[in-house]
Amino acid sequence: MNELDTKESLLEHKKIIENNKFLNLIHKSFYEKIASNITQKPVIEIGSGPGFIKKIIPSAITTDVIEGPGIDKIAFAEKLPFKDKSVGSIVMLNVLHHIKNPTKAFKEFERCLKPNGKIVMVEPWPTLWSKFIYQNFHHEDFNINGNWKIHGKGRMSDANGAIPWIIFKRDYKKFKKLFPNFKIEEIELHTPFKYLVSGNLSKPQLLPLFCYPVVNFVEKLLSPLNNYLAMFATIIIKKVDIRTTHD
């Protein structure tokens with residue numbers, strides 16, 4: 001087993017997120033983005049790992065494929081332990097691009113979600129800037145020519161960061177054909193620099209914490225260029241009744 005996939009790695013990542021205040025604020029902002037788009041409960045987080053969603057959404061039910069502190073249920077996205085139409089919202093933070101069979105996962109999401117329930121996620125997204133960074137300076141695969149499946153079984157070590165773009169942009173027609181009850185409400189591109197400055201989970205923080213508002217301001221100033229600069233996207237998908245709703 002790759003050391004990235006172990007419980008020890010999860011605990012180490014949790015410690016890094018707690019101690020790296022720059023990274024902690026970024027995760028907080030991502031969770032707040034997710035929370036602001038939640039309309040129904042219960043909220044189920046997939047792939048909770050070292051995160052802290054309960055600080056933002058205290059009632060959230062956390063899941064992962066391994067045990068860890070703060071994880072309520074052991075569950076795979078492709079086979080969720082929830083009843084049909086019992087879930088109000090499914091949320092993910094940097095998780096979809098690790099799910100080994102997204103088609104099966106979305107079938108499960110469709111089964112579990114209540115009518116008008118939502119899937120809200122923050123995921124990597126390819127732009128001119130982010131492709132350069134992800135393909136040259138990040139340990140995870142970032143293959144925009146890949147298919148929907150992830151090869152390998154590693155919880156963290158096997159991934160394709162381009163999967164969200166592949167499913168919701170490149171193969172949008174395929175997604176709509178497979179899941180006509182899912183409507184993509186919004187894809188908001190954001191966060192071109194903060195994540196790099198934080199050092200993420202493997203490198204030291206590049207700037208002191210007091211620089212966070214400055215970097216945040218620069219990102220907002222450059223937001224009209226996010227189609228070229230953004231490294232992440234917030235993706236909002238709603239379960240709708242295809243008999244009454246049309247694109």
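Please read all numbers here as calculations on a predicted model, not as lab measurements. (Residues numbered from 1 in each chain as written. Predicted model: local features only at pLDDT ≥ 70, side-chain atom pairs only at ≥ 80, totals over all residues. Heavy atoms only, no water.)

Our focus in this paragraph is the environment of Asp158. Looking at the secondary structure, you find Asp158 in the loop between helix 4 (128-137) and helix 5 (163-170). The exposure class of Asp158 is partly exposed, given its relative accessible area of 21%. Sequence-wise, Asp158 and His97 are 61 residues apart; in three dimensions their C-alpha atoms are separated by 9.0 Å. Ignoring anything within four residues of it in the chain, the contact list for Asp158 reads His98, Lys100, Ile150, His151, Gly152 and Lys153. A distance of 3.1 Å separates a polar side-chain atom of Asp158 from the backbone nitrogen of Lys153. (Helix = DSSP H or I, 4+ residues; strand = E, 2+ residues; numbered from the N terminus. Buried < 20%, exposed > 50% of the residue type's maximum accessible area, 1.4 Å probe, protein only. Contact = heavy atoms within 4.5 Å. Polar contact = N/O pair within 3.5 Å; in protein donor to acceptor, adjacent residues only side chain to side chain.)

The subject of this paragraph is the packing of aromatic side chains. Within the structure shown, the criterion is met by 18 aromatic pairs. Each ring, one from Phe175 and one from Phe179, has its centre 5.5 Å from the other, and the planes form 45°; the classification is tilted. A single burial state applies to Phe175 and to Phe179, both of which are buried. When the centroid spacing of 4.8 Å and the interplanar angle of 70° are considered together, the rings of Tyr195 and Phe232 count as edge-to-face. Taken together, the residues Tyr195 in helix 7 (residues 194-198) and Phe232 in strand 7 (residues 232-239) connect sequence positions 37 residues apart. On the accessibility criterion, Phe232 (2% relative accessible area) is buried. Grouped by ring-pair contacts, the aromatic residues Phe106, Phe109, Phe168, Phe175, Phe179 and Phe182 constitute a single cluster. Directly above the aromatic system of Trp148 lies the positively charged group of Lys174, at a separation of 4.3 Å from the ring centroid. (Phe/Tyr/Trp six-rings, centres within 6.5 Å; stacked < 30°, edge-to-face > 60°. Lys NZ or Arg CZ within 6 Å of the ring centre and 35° of its normal.)

A word on the packing of helix 1 (residues 7-19) against helix 2 (residues 21-35). Where helix 1 meets helix 2, the axes come as close as 5 Å, and the angle between the chain directions of the two elements is 95°. Comparing the axis directions of helix 1 and helix 2 gives the class roughly perpendicular. Across the interface between the two elements, Ile16, Ile17, Glu18 and Asn19 of helix 1 pack against Lys21, Leu23, Asn24 and His27 of helix 2. Classifying every residue of the contact of helix 1 with helix 2 gives 3 nonpolar, 3 polar and 2 charged. (Axes fitted to C-alpha atoms, helices over the stretch in contact; angles between N-to-C directions. Parallel < 35°, antiparallel > 145°, perpendicular 65-115°, else oblique. Nonpolar A, V, L, I, M, F, W, Y, C, P; charged D, E, K, R; others polar.)

On to the sheet that holds strand 6 (residues 182-190). Strand order in the open sheet made by the 7 strands is 3-2-1-4-5-7-6, with mixed pairing throughout. Only two strands of the sheet have a single partner each, and these edge strands are strand 3 (73-74) and strand 6. Sheet topology places strand 5 (residues 113-124) next to strand 7; 7 bridges connect them, and they run antiparallel. Bridging from a neighbouring strand, Glu123 pairs with Ala233 of strand 7. Helix 3 (residues 102-112) contacts strand 1 (43-46), strand 4 (87-93), strand 5, strand 6 and strand 7 of the sheet and is inclined by roughly 145° relative to strand 5. (Pairing = 2+ DSSP bridges.)

Here we come to the pattern of salt bridges. Scanning all chains against the criterion turns up 9 salt bridges. Between Arg170 and Asp171 there is a salt bridge, with the nearest N and O atoms lying 3.0 Å from each other. We classify Asp171 as buried; its relative accessible area is 16%. One salt bridge connects Glu219 with Lys194, and the closest N-O pair in it is separated by 2.6 Å. Of this pair, Glu219 sits in helix 8 (residues 212-221) while Lys194 sits in helix 7, and the two are 25 residues apart along the sequence. For the pair formed by Glu219 and Lys194, the shared burial category is buried. (Salt bridge = Lys/Arg side-chain N within 4 Å of Asp/Glu carboxyl O.)

The next point concerns helix 1. Counted at 1.5 Å a residue, the expected span for helix 1 with its 13 residues is 18 Å, and the 19 Å between its end C-alpha atoms agrees. Of all the residues in helix 1, the buried ones are Ser9, Leu10, His13, Lys14 and Ile17. Take helix 1 and look down its axis: the buried residues cluster within an arc of 140°, on one side only. In helix 1, the exposed residues that point more than 90 degrees away from the buried face are Glu8 and Asn19. Looking at the buried residues of helix 1, the elements they touch are helix 2. (Expected span 1.5 Å × (residues − 1). Arc of directions from axis to C-beta.)

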